[in-house]
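As a plain string of letters, each chain reads:
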Amino acid sequence: SDDGKLSFDEFKSYFADGVLSGEELHELFHTIDTHNTDNLDTEELCDYFSKHLGEYENVLSVLEDLNITILKAMDKTKKDYQEASNLEQFVTRFLLKETLNQLQSLQSSLECAMETTEEQTRQERKDPTKPEVLSVQWPEKRLARRLQRNNSLSSNNPHSSTGWIEEDQWVIQINRLQKLIDRLEKKDLKLEPFEEEVLEENAKSHIMIVQHQMSVIEEKVEEFRLALKHYVESASAQGGCLHVSIQKLPSNFHFIVYEFWENSNAWNSHLQMNYSKAFQRSNVDFLETPELITTMLVPGKY
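Residues numbered from 1 in each chain as written. Predicted model: local features only at pLDDT ≥ 70, side-chain atom pairs only at ≥ 80, totals over all residues. Heavy atoms only, no water.

(A) Main features of the overall build of the chain. A count of helical and extended segments in the chain gives 10 helices and 6 strands. Relative to its full complement of 302 residues, the chain shows a buried share of 26%. Taking contacts inside the chain between residues at least 6 apart in sequence as the whole, the part at least 24 apart equals 69%. Carbon and sulfur atoms make up 54% of the accessible area of the chain, which amounts to about 22,600 Å² in all. (Helix = DSSP H or I, 4+ residues; strand = E, 2+ residues; numbered from the N terminus. Buried < 20%, exposed > 50% of the residue type's maximum accessible area, 1.4 Å probe, protein only. Contact = heavy atoms within 4.5 Å. Areas by Shrake-Rupley, 256 points an atom, 1.4 Å probe, with all protein chains shown as cover.)

(B) Quick peek at the pairing of strand S3 (residues 206-215). Of all 10 residues that make up S3, 7 are buried, and the element is covered over most of its length. One ladder, built from 8 bridges, connects S3 with strand S5 (residues 254-261); its direction is antiparallel. By the bridge assignment for S5, Met 208 is matched with Trp 261. (Pairing = 2+ DSSP bridges.)

(C) Representation of the packing of aromatic side chains. Within this structure, the stated rule accounts for 12 aromatic pairs. Their ring planes at 85° and their centres at 6.4 Å tell us that Phe 224 and Phe 286 sit as a pair that is edge-to-face. Here Phe 224 is found in helix H8 (residues 221-236), whereas its partner Phe 286 is found in helix H10 (residues 274-286), with 62 residues between them in sequence. Across the pair, Phe 286 and Phe 224 agree in class, each one buried. (Phe/Tyr/Trp six-rings, centres within 6.5 Å; stacked < 30°, edge-to-face > 60°.)

(D) Region of interest: the pattern of salt bridges. Going through the model one piece at a time under the given rule, you end up with 4 salt bridges. Here Lys 79 ties to Asp 75 by a salt bridge, and the two come within 3.4 Å at their closest N and O atoms. Highlighted residues: Lys 79 and Asp 75, both in helix H4 (residues 56-80), separated by 4 residues, approximately one helical turn. With a shortest N-O distance of 3.9 Å, Glu 223 and Lys 220 are connected by a salt bridge. Classification of Lys 220 by relative accessible area gives partly exposed; the value is 29%. (Salt bridge = Lys/Arg side-chain N within 4 Å of Asp/Glu carboxyl O.)

(E) A look at helix H1 (residues 8-15). Residues of H1 that are buried: Phe 8, Phe 11 and Lys 12. The arc that holds the buried residues of H1, viewed along the axis, is 95°, so those residues lie on one side. Next to the buried residues of H1 lie strand S1 (5-6), helix H2 (22-32) and strand S2 (40-41). (Arc of directions from axis to C-beta.)

(F) Up close: the sheet that holds strand S6 (residues 292-299). Across the sheet, which stays open at both edges, the 4 strands sit in the order S4-S5-S3-S6 with antiparallel pairing between neighbours. The open sheet has two edge strands, strand S4 (241-248) and S6, and neither has a second partner. Going from strand to strand, the sheet's axes swing by 15° on average, the running direction of each strand aside. Where S3 lies against S6, 8 bridges are found, and the strand directions are antiparallel. Its bridge partner being in S6, His 212 is matched across the sheet by Ile 293. In the packing of H8 onto the sheet, contacts are made with S3, S4 and S5, and the angle to S4 comes to roughly 160°. (Axes fitted to C-alpha atoms, helices over the stretch in contact; angles between N-to-C directions.)

(G) Summary view of the packing of H8 against H10. For the pair H8 and H10, the least separation of the axes is 10 Å and the interaxial angle reads 160°. The angle between the axes of H8 and H10 places the two elements in the roughly antiparallel class. Once H8 is placed against H10, the crossing between them reads as left-handed. Residues Glu 223, Phe 224, Ala 227, Leu 228, His 230, Tyr 231, Ser 234 and Ala 235 of H8 form the contact with H10, whose participating residues are Tyr 275, Ser 276, Phe 279, Ser 282, Asn 283 and Phe 286. Across the contact of H8 with H10, the residue classes break down as 8 nonpolar, 5 polar and 1 charged. (Parallel < 35°, antiparallel > 145°, perpendicular 65-115°, else oblique. Left-handed = near helix turned anticlockwise from the far one by under 90°. Nonpolar A, V, L, I, M, F, W, Y, C, P; charged D, E, K, R; others polar.)

(H) Region of the structure containing the nonpolar core. Among the nonpolar cores identified, the biggest contains 22 residues, and Phe 224, Leu 228, Trp 261 and Phe 279 are the most heavily contacted of them. Looking at this core, the elements with two or more residues in it are S3, H8, S4, S5, helix H9 (264-271) and H10. Among the elements that make up this core, the one with the highest residue count is H8 (7 residues). With residues near it in sequence (within four places) discarded, Trp 261 still touches Ile 207, Met 208, Val 210, Ala 235, Gln 238, Gly 240, Cys 241, Leu 242, Ala 266, Trp 267, His 270 and Tyr 275. (Core = buried A, V, L, I, M, F, W, Y, C linked by side-chain atoms within 4.5 Å.)

(I) Main features of a nonpolar patch on the surface. Taken together, Tyr 56, Val 59, Leu 60, Leu 63, Leu 66, Leu 103, Leu 106 and Leu 110 make up a surface patch of nonpolar side chains, about 680 Å² in accessible area. Residue assignment for the nonpolar patch shows that the elements contributing at least two residues are H4 and helix H5 (86-124). At 5 residues, H4 tops the list of elements feeding residues into the nonpolar patch. Mapped onto the secondary structure, Leu 110 falls in helix H5. Look at Leu 110 and you get partly exposed, because its relative accessible area is 46%. (Patch = residues over 30% accessible without salt bridge, like charges linked within 9 Å, V, L, I, M, F, W, Y side chains within 5 Å.)

Geometry only, nothing functional implied.
Structure follows, in structure tokens:
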């Protein structure tokens, strides 16, 4: 909640990995909470994890340097690319692609290591306690599990790191797929006939989805955040509002707001409210470019 500390619920939402049970997470929380405040601050988290970094202290240090180096290279590319010759532009594109392939190869190896450790832990645990599983959106988690992995992990790729990609891990994956196939083969598939839904000619039969895209002036970000917070709280309190979600792109001051309304009438009524008009007026001063609003109706029954 941006208050500089983590409650147990916030801690659990981020650190739950589907292996540790709720009781184990609670025990870990109090182990880290050396100040006994029922909240974790940055100092406590750093103290705990710094004792267990081991070889990963060097890994994280190198990654920090790598991140800085790549950002510097990206900045230089942005400035020089447009004025470069065709050959120089080609070389730049090649280097970008090769850097991306190297990073994807490294990411794939790390993901394989993660899957291996998680699988081994689940097999070795004798505690039948059901693990705590939460709906957590990890940034870019499992992103490389696509067909691109075939390129980055192929045996003839001289840059691939295969420390964790061993034959027994492929066997584990194959066995898991085989079990799934066996389960599917034992079930009788029932194909339902195609059905057409006759939609009602009524505005209330559709949910209104609204997307706002806003590029904020850097100096106005804090004022914009306060205005956006008030707007979201007011909109969420309306009877016809189903959900409001905010996303901020990490590379710039670009915000995306998603709103879900029971129907178009509820959305139109919301536009006439004072808080909505006030937010639109304030955006004239806060935004670099006019706000882009996209709306879509989806069947309410669906």
